[in-house]
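# Per-entry structural report
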Amino acid sequence: MRLTVSGETVVSAPAIVLPTTNVAFVLTSNVSTGSYSVVDLTSRYVFKDIGLEGVQSDAMARFFNGRVYVVHRAPVDSIQILDPQQGFTIPTTHGQLSLDSGSNPQDIAFVHANKAYVSLLASA
């Protein structure tokens, strides 16, 4: 791509395609921010902070059946599904599962493709 600004020509770097296999998904969260990155395990190239949707400041992730499930704890109370085959983006259909307000999910355990259990803080 060439862009001319004030008489100068700027050439952008070629886009690097985000790999969909042989990668490590890295989620980082603390009390104020959250983000995720992907590491190509072959080249060791790091795709930093690729989640335009972002993650909340208290989140954790699990991988199951080809997708990444990000558990957003209180106050968000939801599960975000990321599809590596779509560049680690949220699918347009069934990509976000909202839980009851104040439920404070802590983890997710999968039984099979159609069943999972979500543990909630201070709930039976």
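Before any of the text, the structure's been laid out above.
A short tour of the structure in this document, coming up. Bear in mind the structure is a predicted one, so any value in this text is a computation, not a measurement.

All right, on to the pairing of strand β8 (residues 78-82) then. Of all five residues in β8, five are buried, a share of seventy percent or more. Sheet topology note: the β8/strand β9 (residues 96-98) ladder contains three bridges and is antiparallel. Within β9, the residue paired with Ser 78 across the bridge is Ser 98.

With respect to the helices, strands and loops of the structure, Ile 50 is situated in the loop between β5 (46-47) and β6 (59-64). Accessibility expressed as a relative area gives 22% for Ile 50, which makes it partly exposed. Along the backbone, Ile 50 and Ser 35 are 15 residues apart, and their C-alpha atoms lie at a distance of 7.9 Å. With residues near it in sequence (within four places) discarded, Ile 50 still touches Leu 18, Tyr 36, Val 38, Gly 87 and Phe 88.

Turning our attention to the nonpolar core. Core analysis: the largest hydrophobic core is formed by 10 residues, namely Leu 18, Tyr 36, Val 38, Phe 47, Val 55, Ala 59, Val 68, Val 70, Leu 82 and Phe 88. Elements supplying a minimum of two residues to this core: β4 (34-40) and β7 (67-72). Judged by nonpolar contacts, the second largest core, of six residues, contains Met 60, Ile 79, Ile 81 and Ile 108.

What follows concerns the pattern of salt bridges. What the rule picks out here adds up to three salt bridges. A salt bridge links Asp 58 to Arg 73; the shortest N-O distance between them is 3.2 Å. Pair noted here: Asp 58 is in the loop between β5 and β6 and Arg 73 is in the loop between β7 and β8, with a separation of 15 residues, a long-range link. Judged by its relative accessible area of 33%, Asp 58 falls in the partly exposed class. A salt bridge links Asp 107 to Arg 62, with the nearest nitrogen and oxygen atoms 2.8 Å apart. In this pair, Asp 107 sits in strand β10 (residues 105-112) while Arg 62 sits in strand β6, placing the two residues 45 residues apart along the sequence. According to the relative accessible area criterion, Arg 62 is partly exposed, its value standing at 38%.

A few words on the sheet that holds β8. Two strands in a sheet stick together by hydrogen bonds in their backbones, pointing the same way (parallel) or opposite ways (antiparallel). Overall, antiparallel pairing links the four strands, which are arranged β6-β7-β8-β9 in an open sheet. Each edge of the open sheet carries a strand with a single partner, namely β6 and β9. Ignoring strand direction, the axes of neighbouring strands in this sheet form an average angle of 20°.

What follows is about the side chain of Gln 56. Position of Gln 56 relative to the elements: it lies in the loop between β5 and β6. Of the polar contacts made by the side chain of Gln 56, one reaches the backbone nitrogen of Arg 73; its length is 2.7 Å. The residues contacting Gln 56, other than those within four sequence positions of it, are Ser 29, Thr 33, Gly 34, His 72, Arg 73, Ala 74, Pro 75 and Val 76.

What follows is about the packing of aromatic side chains. In this structure the tally under the stated criterion is five aromatic pairs. Geometrically, the ring pair formed by Phe 25 and Tyr 36 is tilted, given 5.1 Å between the ring centres and 35° between the ring planes. Of this pair, Phe 25 sits in strand β3 (residues 23-29) while Tyr 36 sits in strand β4; the two residues are 11 residues apart in sequence, bridging distant segments of the chain. Look at Tyr 45 and Phe 47: their rings are 4.7 Å apart centre to centre, the planes differ by 70°, and that puts the pair in the edge-to-face class. A residue is classified by how much of its surface remains accessible, and Tyr 45, at 40% relative accessible area, is partly exposed. Linked through ring pairs, Phe 25, Tyr 36 and Phe 88 together constitute an aromatic cluster.

Conventions used here
- Residues numbered from 1 in each chain as written.
- Predicted model: local features only at pLDDT ≥ 70, side-chain atom pairs only at ≥ 80, totals over all residues.
- Heavy atoms only, no water.
- Buried < 20%, exposed > 50% of the residue type's maximum accessible area, 1.4 Å probe, protein only.
- Helix = DSSP H or I, 4+ residues; strand = E, 2+ residues; numbered from the N terminus.
- Pairing = 2+ DSSP bridges.
- Contact = heavy atoms within 4.5 Å.
- Core = buried A, V, L, I, M, F, W, Y, C linked by side-chain atoms within 4.5 Å.
- Salt bridge = Lys/Arg side-chain N within 4 Å of Asp/Glu carboxyl O.
- Axes fitted to C-alpha atoms, helices over the stretch in contact; angles between N-to-C directions.
- Polar contact = N/O pair within 3.5 Å; in protein donor to acceptor, adjacent residues only side chain to side chain.
- Phe/Tyr/Trp six-rings, centres within 6.5 Å; stacked < 30°, edge-to-face > 60°.

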